[in-house]
Amino acid sequence: QKPPTDWVSAVYRSNILQRRQLVRVASDTYLILHPQLYLDRYFHGLVHLLDDAARSGMGSDSWQRVRARFGHLFEGYIRWLLRRGFARAALLRFGVSLDRLGDTDAFIVMGRTALVFECNHHYLSGPERYDSTASTLAEIVRPDLQKAIETAMAAADGRIVLDGRAVEVDEVLPIAVLPD
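The structure reproduced in this document is the subject of the present report. (Residues numbered from 1 in each chain as written. Predicted model: local features only at pLDDT ≥ 70, side-chain atom pairs only at ≥ 80, totals over all residues. Heavy atoms only, no water.)

**Remarks on the overall build of the chain**
Selection criterion: By definition, any uninterrupted DSSP run of H or I lasting at least four residues is a helix, any uninterrupted run of E lasting at least two residues is a strand, and each is numbered from the N terminus. Relative accessible area decides the class of each residue, using a 1.4 Å probe on protein chains only: under 20% of the type maximum gives buried, over 50% gives exposed, and in between gives partly exposed. Two residues qualify as a contact provided that any one of their heavy atoms is within 4.5 Å of a heavy atom in the partner residue. Shrake-Rupley sampling with a 1.4 Å probe provides the accessible areas, and residues are treated as covered by the protein chains on show and by no other component.
Helix and strand counts for the chain stand at seven helices and eight strands. The buried share among the 180 residues of the chain stands at 32%. Sequence separation of at least 24 residues holds for 47% of the intrachain contacts in the chain that already meet a minimum separation of 6. About 11,400 Å² of surface is accessible on the chain, with carbon and sulfur atoms providing 55% of the total.

**Observations regarding the pairing of strand β4 (residues 103-110)**
Quick note on the threshold: At least two bridges found by DSSP between two strands are what make those strands a pair.
With six of eight residues buried, β4 is to be regarded as a mostly interior element. Note: β4 against strand β5 (residues 113-119), five bridges, orientation antiparallel. From the neighbouring strand, F107 faces β5, where its bridge partner is V116. Hairpin connection from β4 to β5: two residues lie between these consecutive antiparallel strands, with G111 at a positive phi of about 65°.

**Some words on the nonpolar core**
Threshold: The nonpolar core is taken to be a set of buried Ala, Val, Leu, Ile, Met, Phe, Trp, Tyr and Cys residues, with the residues joined through side-chain atoms within 4.5 Å.
The biggest cluster of nonpolar side chains holds 14 residues, and the ones touching the most others in it are F107, V109, I160, V167, V169 and V172. The set of elements that each furnish at least two residues to this core consists of β4, β5 and α7 (134-156). The leading source of residues in this core is α7, at four residues. With residues up to four places along the chain from it excluded, the contact list for V167 reads L91, F107, V109, A155, G158, I160 and L162. Core analysis: the next-biggest nonpolar cluster, separate from the first, contains 11 residues, F74, I78, A89 and V177 among them.

**A closer look at helix α5 (residues 63-85)**
Stated precisely, the cut-off is as follows: A helix is expected to reach a length of 1.5 Å times the quantity of its residues less one.
Taking 1.5 Å of rise per residue, the 23 residues of α5 would be expected to cover 33 Å, and the 32 Å separating its terminal C-alpha atoms lies within 8% of that figure. Listed as buried for α5 are V66, R67, F70, G71, F74, E75, I78 and L82.

**Describing the packing of aromatic side chains**
Rule in force here: Put simply, two rings from Phe, Tyr or Trp (the six-membered ring, in Trp's case) pair if the centres are within 6.5 Å, and we call them stacked under 30 degrees between planes, edge-to-face over 60, tilted for the rest.
Evaluated as defined, the whole model comprises one aromatic pair. Their ring planes at 20° and their centres at 6.0 Å tell us that Y77 and W80 sit as a pair that is stacked. Here W80 and Y77 lie together in helix α5, a separation of three residues that amounts to about one turn. Judged by its relative accessible area of 45%, Y77 is partly exposed.

**Overview of the environment of G71**
For G71, the location among the structural elements is in helix α5. Put simply, G71 and P179 are 108 residues apart on the chain and 8.1 Å apart in space, counted from C-alpha to C-alpha.

**So, α7**
The end-to-end C-alpha separation of α7 is 28 Å, well short of the 33 Å expected for 23 residues at 1.5 Å each. Among all positions in α7, only I140, V141, D144, A148, T151, A152, A154 and A155 are buried. At the C-terminal side of α7, G158 shows a positive phi close to 75°.

**Some thoughts on the pattern of salt bridges**
Our working rule: For this analysis, a salt bridge means a side-chain nitrogen from Lys or Arg found within 4 Å of a carboxyl oxygen belonging to Asp or Glu.
Enumeration according to the criterion identifies six salt bridges in this entry. Ionic pairing is found between E75 and R79, a salt bridge with its closest N-O pair at 3.4 Å. Of this pair, E75 and R79 both sit in helix α5, four residues apart, which is roughly one turn of the helix. For E75, a relative accessible area of 13% translates into the label buried.

**A look at the pairing of strand β2 (residues 29-32)**
For strand β1 (residues 22-26) and β2, the ladder comprises four bridges, and the chain directions are antiparallel. Within β2, the position partnered with A26 by the bridge is T29. In sequence, β1 turns back onto β2 through a hairpin of two residues.

Right under this line is the structure:
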């Protein structure tokens, strides 16, 4: 690995404990250097681990394919969470085509309130995570949030029709969800 040439690379790539928590001490024996960082990297950070493998050429998939697959898993996880959290909602739809607005990841109605969810499949890279500002993060989430806002405005105006009935709500909350 080449030495870092900028601040972000130096911070993200220089900490051996952050990037490599296993040290081989024999052909079949490894030492875990930091248990919490190990759990973060190999369980919570699995997408980043596979992304690193794909970028290094160790894996057979491209990094784009790895991230796309994890994006679909993330969206499925969000659906599972929403089903559990909103099981008693009057209306709970996923991947709904609402009029001409396109697909909406989740549309939930509780009483006279609607929630519009758009899931962004973008996993933050090291530089995006450690060297981002509010405006750069806003650019990442902007397309999904804009889509959620447009759908929310249509719902507030009574332009959403599901099962042949207009959805009538007093309040609509657009929500964009990021995996990181």
